Amino acid sequence: MTDALSSRAQRGTFGRPFDLSRPVLIAVTALLAVMIVLPMGWLVVYSLSDKQGTATLGNFVTLFTDPSFVDPLIETLILSVSVSVICCLIAAPLGWLAARTDMPLTRTLRTLVMASLVTPPFVGAVAWEMLAAPNSGLLNQLWRDVTGAEDPLFDIYTMEGLIFVMACYTFPYVFILVANALDRMPGELEDASSMLGARTLQTAIRITVPLALPVLLAGALVAFLQALNQFGAPAILAIPAGFHTLTTKIWSLFQFPPKSELASAASLPLLLLTVALLRLQAVALGRRGYAVLGGKYGAPRVIRLGVLRIPAATLAMLALALPLFLPYAALINTAFSPIASQIITPATATLKNVRFTFFELSSTMPAIMNTFILALSSATLGGLLALLIAYIVARQAVAGHRVLAFLATAPLAIPGIVLGVGLFLSYARPPFVLYGTLWILLIAFVTIALPSAYQQMQSAFRSVHADLEDASRILGATRLRALRDITAPLLRTSVLATWCFIFVGVMRELSAAIILFTSETKVISVLIFDLKESGDLGAISVLGIAMLLITFAVVIAVNRVPGFGGGVKLRNQ
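Calculation notes
Residues numbered from 1 in each chain as written. Predicted model: local features only at pLDDT ≥ 70, side-chain atom pairs only at ≥ 80, totals over all residues. Heavy atoms only, no water. Phe/Tyr/Trp six-rings, centres within 6.5 Å; stacked < 30°, edge-to-face > 60°. Helix = DSSP H or I, 4+ residues; strand = E, 2+ residues; numbered from the N terminus. Buried < 20%, exposed > 50% of the residue type's maximum accessible area, 1.4 Å probe, protein only. Core = buried A, V, L, I, M, F, W, Y, C linked by side-chain atoms within 4.5 Å. Contact = heavy atoms within 4.5 Å. Patch = residues over 30% accessible without salt bridge, like charges linked within 9 Å, V, L, I, M, F, W, Y side chains within 5 Å. Areas by Shrake-Rupley, 256 points an atom, 1.4 Å probe, with all protein chains shown as cover. Salt bridge = Lys/Arg side-chain N within 4 Å of Asp/Glu carboxyl O. Axes fitted to C-alpha atoms, helices over the stretch in contact; angles between N-to-C directions. Nonpolar A, V, L, I, M, F, W, Y, C, P; charged D, E, K, R; others polar. Polar contact = N/O pair within 3.5 Å; in protein donor to acceptor, adjacent residues only side chain to side chain. Parallel < 35°, antiparallel > 145°, perpendicular 65-115°, else oblique. Left-handed = near helix turned anticlockwise from the far one by under 90°.

S.K.: I would appreciate a short explanation of the packing of aromatic side chains in the present structure.
M.R.: Ring pairs (aromatic) are described by centroid distance and by the angle formed between their planes. According to the stated counting rule, one finds ten aromatic pairs in the structure shown. A ring pair is formed by phenylalanine 231 and phenylalanine 529, whose centres lie 5.6 Å apart and whose planes are at 45 degrees; its orientation type is tilted. Taken together, the residues phenylalanine 231 in the loop between helix H11 (200-229) and helix H12 (232-241) and phenylalanine 529 in helix H25 (residues 524-534) connect sequence positions 298 residues apart. Of the two residues, phenylalanine 231 and phenylalanine 529, neither departs from the other in class, the shared state being buried. Pairing tyrosine 391 with phenylalanine 461 gives two aromatic rings, centres 5.7 Å apart and planes at 55 degrees, and the pair type is tilted. In this pair, tyrosine 391 sits in helix H17 (residues 364-395) while phenylalanine 461 sits in helix H20 (residues 438-462), placing the two residues 70 residues apart along the sequence.

Spelled out as structure tokens, the structure:
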């Protein structure tokens, strides 16, 4: 009976095609085309055109021969490779300590890693600017006071400084992949090695490392992609240092006078490289180093650190001081200090920056309002769209569901700044003039969040067997009622997690917004970037702290919803 129901479910419940299959497929496909296909199409058209609209390859010739374009490409590759290597060197040991040892504070370690993950990299870059600017940085001032030296200890305005900051906010992606893989690794494999006489180090080298290597490789590719496509930190640290990355170069081409054709041509290599790396990541994650036969397997073996427990925990906390404790302290200091480069004391603490930011700076409240409108709308609409597509694909409810699955995951390969360029080219002209409105930002944010949201919902649907809905249909319920009464309650946790994931992502999104905003549609991230250009560090710190508090409050509130026990997992897909 069950097999029969499953078979019928795969081809449409009880052998009947869904009545609204064609309208649903057309509507959703058209929506995804507006979000994805049209912007990428215009991107290609502009990259192959000159200012008069004549077809040409001149933009690509300029891109690969002009030093002002070649140098950012080289700098980007150096940056991405360096960040990837450093992230693996940091995250792999931390993931192993958290997953496989008896080190204390492992739950705290995982929580703090998640906190560094939701910290916007551009906020972290500004904070490290306050700490390590060669003249005014707090750490350099402390170094001079202690040693009497004239030269700074740190200079954040260098390639090395940029690599350091980006690694601070990229390593959590690698940590999560490695720790989760080690959590799931069967303990029997290592136990068998020990029973055959291998020591702990030999077991780690011969068993644990080879099994975890594909995931570590995938993590390295994730870190490479994050560094490759990031705009905020390079814009804050690289431009003052006198060099560009590919993303900041694309952004500079939209400054007056705009060079849309060159910006489009510069965006395509970034897009193609991202597609290739995502394919490599899929291959790496597809390599299975082990398979469990016979059902359940034992928990991973816990390695006793002995006298090294406390030193290991201390080193882990020191590592997290770099993305969290020191930058947060710098933001708090600057927010309540009358002078950004001075350490506050009870006598000098002031609320002047808070008062200025929220009551005197005219662009603050509109930016906060726009951000909340877009975050709430994107989380709700994006979550519903992901739920609908995941349901159609998982239940194969319409013909052509594979097309929807492809379109839903396609934005994964589109860097945020490239999507921004494509949307600008598509909707800054008739017949759909959306540039200058919140609608174009809404399209961008939903598009960026859709792949991860869809994959989360797709995983959730796999855990709810179609037989439950078919049983409801046998008893006379319609498809919609079965979805409402049976499936939806079972998916509540996943829906809330997806909603929270999109909300937090919109709060910290800068790459696409920096291309698409106008003076009337600024969001908090863009306002922070604008204030950085004017040098108002006090207001930046207040807004950065406010953004972090809102983000953490949303995550905590969602996790406290009754029945929500799984927690919110922010993932880079």
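S.K.: What exactly am I supposed to notice about the nonpolar core here?
M.R.: The nonpolar side chains of a soluble globular protein tend to be buried, and buried together. If you look at the biggest cluster of nonpolar residues, it comprises 165 residues, and the most contacted ones within it are Leu32, Leu109, Phe175, Ile389 and Ile514. Take this core: its biggest share by element is 14 residues, from H20. Discounting chain neighbours no more than four positions away, the residues touching phenylalanine 175 are Ala91, Leu94, Gly95, Ala98, Leu109, Arg110 and Val113.

S.K.: Would you mind going over a nonpolar patch on the surface with me for this structure?
M.R.: A cluster of nonpolar side chains, contributed by Val81, Val85, Ile86, Leu89 and Ile90, occupies part of the molecular surface with about 400 Å² of accessible area. Here isoleucine 90 shows up in helix H4 (residues 67-100). Classification of isoleucine 90 as partly exposed rests on a relative accessible area of 32%.

S.K.: Mind showing me how you'd approach the pattern of salt bridges here?
M.R.: Think of it this way: side chains of opposite charge can pair up when their charged atoms draw near. Taken as a whole, this structure holds five salt bridges when the rule is applied. Aspartate 183 serves as the salt-bridge partner of arginine 110, at 3.1 Å between the closest nitrogen and oxygen. With a gap of 73 residues between them, arginine 110 in helix H5 (residues 106-118) and aspartate 183 in helix H9 (residues 171-184) connect regions that are remote in the sequence. Arginine 110 gets classed as partly exposed once you look at its relative accessible area, which sits at 26%. Across the pair lysine 532 and glutamate 129 runs a salt bridge, and its minimum N-O distance is 3.2 Å. Linking lysine 532 in helix H25 with glutamate 129 in helix H6 (residues 121-132), this pair joins segments that are 403 residues apart in sequence. Take glutamate 129: its relative accessible area is 7%, and that puts it in the buried class.

S.K.: Please clarify how the packing of helix H3 (residues 58-65) against H4 should be interpreted in this entry.
M.R.: How two helices pack is summed up by the angle between their axes together with the distance between the axes. Running from N to C, H3 and H4 point in directions that differ by 65 degrees, and their axes come no closer than 5 Å. From H3, Thr62, Leu63, Phe64 and Thr65 reach across to H4, where they touch Pro67, Phe69, Val70 and Leu73. Of the residues assigned to the contact of H3 with H4, the class counts are six nonpolar, two polar and no charged.

S.K.: I keep staring at the side chain of threonine 247 and nothing clicks. Help me out?
M.R.: On the secondary structure map, threonine 247 appears in helix H13 (residues 246-252). At 2.8 Å, the side chain of threonine 247 forms a polar contact with the backbone oxygen of glutamine 230. Among the polar contacts listed, one links the side chain of threonine 247 to the side chain of threonine 245, at a separation of 3.1 Å. Once residues lying within four places of it in the same chain are set aside, the contact partners of threonine 247 are Leu228, Asn229, Gln230, Phe231, Leu270 and Ile417.

S.K.: Looking at this model, I keep getting lost on unusual backbone geometry. Mind explaining?
M.R.: As a rule of thumb, non-glycine residues mostly have phi less than zero, and peptide bonds are mostly trans rather than cis. Each neighbour pair has its own omega, and for proline 430 with proline 431 the value is 5 degrees, a cis peptide bond. The residue proline 431 is located in the loop between helix H19 (416-427) and H20 in this model. Phi is positive for leucine 105, close to 65 degrees, though the residue is something other than glycine. Counting through the fold element by element, leucine 105 comes out in the loop between H4 and H5.

S.K.: I'm lost on the packing of H5 against helix H15 (residues 309-335) in this one. Help?
M.R.: At a minimum axis distance of 10 Å, the contact between H5 and H15 shows a crossing angle of 40 degrees. Between H5 and H15, the interaxial angle falls into the category oblique. Remark: the crossing between H5 and H15 carries left-handed chirality. On H15, the residues touching Leu109, Leu112, Val113, Ala115 and Ser116 of H5 are Ala316, Met317, Leu320, Pro323, Leu324, Phe325 and Tyr328. For the contact of H5 with H15, the residue count by class is eleven nonpolar, one polar and no charged.

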